[in-house]
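Secondary and tertiary structure notes
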Amino acid sequence: VIGRNNLYPPDPAGVPNEPVALNDGYRVMYMINTTNDYSLNGGATWTSIPLPPVAGAGDGICCDPDIIYDQRTGTSIRSFLVYDVAGDDYVVLAVRRNVAAADNCFYYLNPAGLVTPDYPHLGLTNKYLYVSMNNVSAVAWVNSQVWRINLDNIVDCVGAAFTTYTYTGPLQRVFTPVRGTEQRDRAYWGSLECSPACATLTTSTNVFRIFRWLETSAAPSAFTRAISASPHNNPDCRGGTNNADWI
């Protein structure tokens with residue numbers, strides 16, 4: 001197989017790009033903050049996708065885009081963080097059953113309270129879409145959540161039944177669903193554990209907590225595993241030697 005790199009133009013607003021993408025063969029979808037496009041020829045040319053409508057006048061799509069693809073139905077789902085003028089921020093999902101056609105429907109996910117559902121990300125299993133949110137108020141972190149939503153409902157653009165798992169502390173945790181669970185019956189996410197019984201309100205450097213949500217269970221279960229300790233001294237996304245830096 002011989003491939004070719006094709007340059008994608010930068011965000012016209014000049015803000016951090018935060019790129020995410022998916023592809024099914026030569027069909028590609030790509031997002032950077034407030035720009036999203038599709039390509040039918042492996043990225044040689046691009047067609048712009050309109051941003052989804054926001055729920056209220058004056059609201060604005062901000063950042064933290066994500067995208068995931070349900071190969072079973074050929075459906076892509078895109079997520080955007082939206083700032084509300086009244087401070088009641090939310091996440092909008094755009095559902096598209098054909099890469100080159102218009103979006104079929106939109107869902108608006110709004111956690112309770114005047115919070116920002118920061119860093120929303122998506123995961124899939126056979127039956128469910130998972131949306132993580134890390135809710136922060138103007139002064140502090142409030143909780144982290146994972147929403148589990150019936151995938152067939154979303155693909156069919158009907159009222160989507162959902163349940164939520166909410167973590168309230170004692171330490172802030174940023175949840176992100178693990179990818180690669182499509183066509184499986186369980187979702188995963190994880191975080192560094194807090195130090196003994198969280199009594200000192202510090203983070204352990206060598207214990208990782210894994211959350212597992214079976215499709216047949218009403219709520220996730222959790223268990224811990226020992227890992228190599230991280231000194232947390234270079235949080236710059238490099239991954240360390242041999243990708244062994246857990247930060």
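To start, this report covers the structure provided alongside it.

We now examine the overall build of the protein. From N to C terminus, the protein includes one helix and 15 strands. Taking all 247 residues of the protein together, 43% fall into the buried category. Counting contacts in the protein only where the partners sit at least 6 residues apart, residues at least 24 apart contribute 45% of the total. Summing over all exposed atoms, the protein offers an accessible surface of approximately 12600 Å²; the carbon and sulfur share of this is 53%.

The subject of this paragraph is the pattern of salt bridges. Counted under the stated rule, the structure contains eight salt bridges. As a salt-bridge pair, D103 and R78 come within 2.8 Å of each other at their nearest N and O atoms. With D103 in the loop between β7 (90-96) and β8 (105-109) and R78 in strand β6 (residues 75-83), the pair connects residues that are 25 residues apart, well separated along the chain. With relative accessibility at 16%, the residue D103 sits in the buried group.

A separate point is the state of the cysteines. A full pass over the atoms with the stated rule returns two disulfides. In this model C62 forms its disulfide with C63; the gap between the sulfur atoms is 2.1 Å. Classification of the bridge connecting C62 and C63 rests on its S-S torsion, roughly 70°, and on that basis the disulfide is right-handed. Judged by its relative accessible area of 15%, C63 is buried. Covalently, C105 is tied to C157 through a disulfide, its sulfur atoms 2.0 Å apart. Linking C105 and C157, the disulfide has an S-S dihedral of approximately -80° and is accordingly described as left-handed. Of this pair, C105 sits in strand β8 while C157 sits in the loop between α1 (151-155) and β12 (162-167); the two residues are 52 residues apart in sequence, bridging distant segments of the chain.

As paired elements, strand β14 (residues 203-214) and strand β15 (residues 221-226) share six bridges and run antiparallel to each other. When the sheet's bridge partners are listed, F208 is paired in β15 with R225. Between β14 and β15, which pair antiparallel and follow one another directly, the connecting turn spans six residues.

Residue placement: N134 occurs in strand β10 (residues 128-136). Linking N134 and P111, residues 23 residues apart in sequence, is a C-alpha distance of 9.9 Å. Setting aside its immediate chain neighbours within four residues, N134 contacts T116, P117, D118, Y119, N143, S144, R173, V174 and F175. At 2.9 Å, the side chain of N134 and the backbone nitrogen of F175 are in polar contact.

Turning next to the layout of surface pockets. In this model, the second largest pocket occupies a volume close to 160 Å³. Its residues assigned to classes, the lining of the second largest pocket shows three nonpolar, four polar and one charged.

Below, the discussion takes up the nonpolar core. Core analysis: the biggest nonpolar cluster contains 18 residues, and I77, L93, L109, L129 and V131 have the highest contact counts within it. Looking at this core, the elements that each hand over two or more residues are β7, β8, β9 (116-124), β10, β11 (141-150) and α1. Residues within four places of V131 in sequence aside, it is in contact with L93, L109, H121, L122, Q145, V146, W147 and I149. With 15 residues, the next largest nonpolar core counts M31, Y38, Y69 and V99 among its residues.

Now for the packing of aromatic side chains. As enumerated under the stated definition, the model contains 13 aromatic pairs in all. Arranged with centres 6.1 Å apart and planes meeting at 45°, the rings of Y165 and W189 form a pair that is tilted. In this pair, Y165 sits in strand β12 while W189 sits in strand β13 (residues 186-194), placing the two residues 24 residues apart along the sequence. Classification of W189 as buried rests on a relative accessible area of 2%. Through pairs of rings, three or more aromatic residues link up here, namely Y128, Y130, W141, Y165, Y167, F175, W189, F211 and W213. The positively charged end of R148 is found above the aromatic ring belonging to Y128, 4.2 Å away from the centroid.

Turning our attention to the sheet that holds strand β5 (residues 60-70). Across the sheet, which stays open at both edges, the four strands sit in the order β5-β6-β7-β8 with antiparallel pairing between neighbours. Each edge of the sheet is formed by a strand with only one pairing partner; in this case those strands are β5 and β8. Geometrically, the sheet is characterised by an average inter-axis angle of 20° between neighbouring strands, direction not taken into account. Relative to β8, β7 is paired through five bridges, and the arrangement is antiparallel.

What counts and what doesn't
Residues numbered from 1 in each chain as written. Predicted model: local features only at pLDDT ≥ 70, side-chain atom pairs only at ≥ 80, totals over all residues. Heavy atoms only, no water. Helix = DSSP H or I, 4+ residues; strand = E, 2+ residues; numbered from the N terminus. Buried < 20%, exposed > 50% of the residue type's maximum accessible area, 1.4 Å probe, protein only. Contact = heavy atoms within 4.5 Å. Areas by Shrake-Rupley, 256 points an atom, 1.4 Å probe, with all protein chains shown as cover. Salt bridge = Lys/Arg side-chain N within 4 Å of Asp/Glu carboxyl O. Disulfide = S-S within 2.5 Å. Pairing = 2+ DSSP bridges. Polar contact = N/O pair within 3.5 Å; in protein donor to acceptor, adjacent residues only side chain to side chain. 1 Å grid on protein atoms, 1.4 Å probe; cavity = no way out; pocket = protein on both sides within 12 Å on 5 of 7 lines; lining within 4 Å. Points joined across faces, edges and corners; volume = space filled by probe spheres on them. Nonpolar A, V, L, I, M, F, W, Y, C, P; charged D, E, K, R; others polar. Core = buried A, V, L, I, M, F, W, Y, C linked by side-chain atoms within 4.5 Å. Phe/Tyr/Trp six-rings, centres within 6.5 Å; stacked < 30°, edge-to-face > 60°. Lys NZ or Arg CZ within 6 Å of the ring centre and 35° of its normal. Axes fitted to C-alpha atoms, helices over the stretch in contact; angles between N-to-C directions.

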